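Chain by chain, the residues run as shown.
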Amino acid sequence: GAGVSQSPRYKVAKRGQDVALRCDPISGHVSLFWYQQALGQGPEFLTYFQNEAQLDKSGLPSDRFFAERPEGSVSTLKIQRTQQEDSAVYLCASSLFPRGARDTQYFGPGTRLTVL
Amino acid sequence: SQELEQSPQSLIVQEGKNLTINCTSSKTLYGLYWYKQKYGEGLIFLMMLQKGGEEKSHEKITAKLDEKKQQSSLHITASQPSHAGIYLCGAGALNAGGTSYGKLTFGQGTILTVHP
């Protein structure tokens, strides 16, 4: 596609529900990053994929957060048993080269998650 | 861990005025990125700076990197209402092997308002 797409754009969940957020990176991009952006803050790193391999998950806030990219293209971020503190915008970014080093990261529009 | 401090946190200017946003890092910079974000949307890539002393311009926006000071500045000349938004600086990292890595740490953002 022309850019990074994410779905859904908005998600409202009741506390305790599981949610799945999808990211379609730019075709051919090796690197895929997930970030979490709380209201009024800059994005914070969650996890990184190089093709299908999840090489860094140091930013995932708890074991309720799980991400996958099974075929090295589309990625899904899953949050189990959502809590109110999970409310944020979840951003996905992709870049062409491995590790995204010194390489432009293109961001999707984000998914705004609200947990009631 | 690396921290990025942006100043000012918010800025209100009259159309046509020049302005500067600063980004200061607590550690050595390995690639510095500037993004713009409109409320409720993803990040739009503006510029990437890789080397000390580097300066890049796009239309009326100029960014500079001072590696010694661990600082970058974004300057907008003759601001227009279309420049309004949130400006974010992001810094790359080094992975465990000492190679550049695109895991970005962001500042908290600078909210720019331009009055016609």
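Structure: above.
Residues numbered from 1 in each chain as written. Chains lettered and ligands numbered in written order. Predicted model: local features only at pLDDT ≥ 70, side-chain atom pairs only at ≥ 80, totals over all residues. Heavy atoms only, no water.

Enquirer: Could you give me a rundown of the layout of surface pockets, with the residues and numbers involved?
Expert: Considering only enclosed or pocket space, the largest pocket measures out at about 470 Å³ in volume. Every residue lining the largest pocket is counted, 28 residues in all, and those nearest its centre are Gln37(A), Leu39(A), Gly40(A), Arg112(A) and Tyr39(B). Residue assignment for the lining of the largest pocket shows that the elements contributing at least two residues are β9 (88-95) and β11 (111-115) of chain A together with β9 (85-94) and β11 (110-115) of chain B. Looking at the lining of the largest pocket, the element that brings in the most residues is β11(A), giving four residues. In the lining of the largest pocket, the residues fall into 11 nonpolar, 13 polar and four charged. When its volume is computed, the second largest pocket comes out at roughly 400 Å³. Lining the second largest pocket are 17 residues, and of these Pro43(A), Glu44(A), Gln2(B), Thr105(B) and Phe106(B) sit closest to its centre. (1 Å grid on protein atoms, 1.4 Å probe; cavity = no way out; pocket = protein on both sides within 12 Å on 5 of 7 lines; lining within 4 Å. Points joined across faces, edges and corners; volume = space filled by probe spheres on them. Helix = DSSP H or I, 4+ residues; strand = E, 2+ residues; numbered from the N terminus. Nonpolar A, V, L, I, M, F, W, Y, C, P; charged D, E, K, R; others polar.)

Enquirer: Tell me about the interface of chain A and chain B, and name the residues and values.
Expert: It is common to give the size of an interface as the accessible area lost on bringing the parts into contact. The partner chain B presents 24 residues to the 24 residues of chain A that form the contact. In total, chain A and chain B occlude about 1900 Å² of area from one another, counting both sides; carbon and sulfur atoms represent 50% of this. The largest share of the area that chain A buries against chain B comes from Arg99(A), Arg102(A) and Phe107(A), three residues that together contribute 34% of it. Scanning the region where chain A abuts chain B turns up one salt bridge. Where Asp56(A) meets Lys103(B), a salt bridge forms, and the shortest distance between an N and an O atom there is 3.8 Å. Inspection of the chain A/chain B interface yields six residue pairs in polar contact (both at pLDDT 80 or more). Residue assignment for the side of chain A that touches chain B shows that the elements contributing at least two residues are β4 (31-37) and β5 (44-50) of chain A. For the side of chain A that touches chain B, the leading source of residues is β4(A), giving three residues. Considering only residue class, the side of chain A that touches chain B consists of nine nonpolar, nine polar and six charged. (Contact = heavy atoms within 4.5 Å. Buried area = accessible area lost by both parts, 1.4 Å probe. Salt bridge = Lys/Arg side-chain N within 4 Å of Asp/Glu carboxyl O. Polar contact = N/O pair within 3.5 Å; in protein donor to acceptor, adjacent residues only side chain to side chain.)

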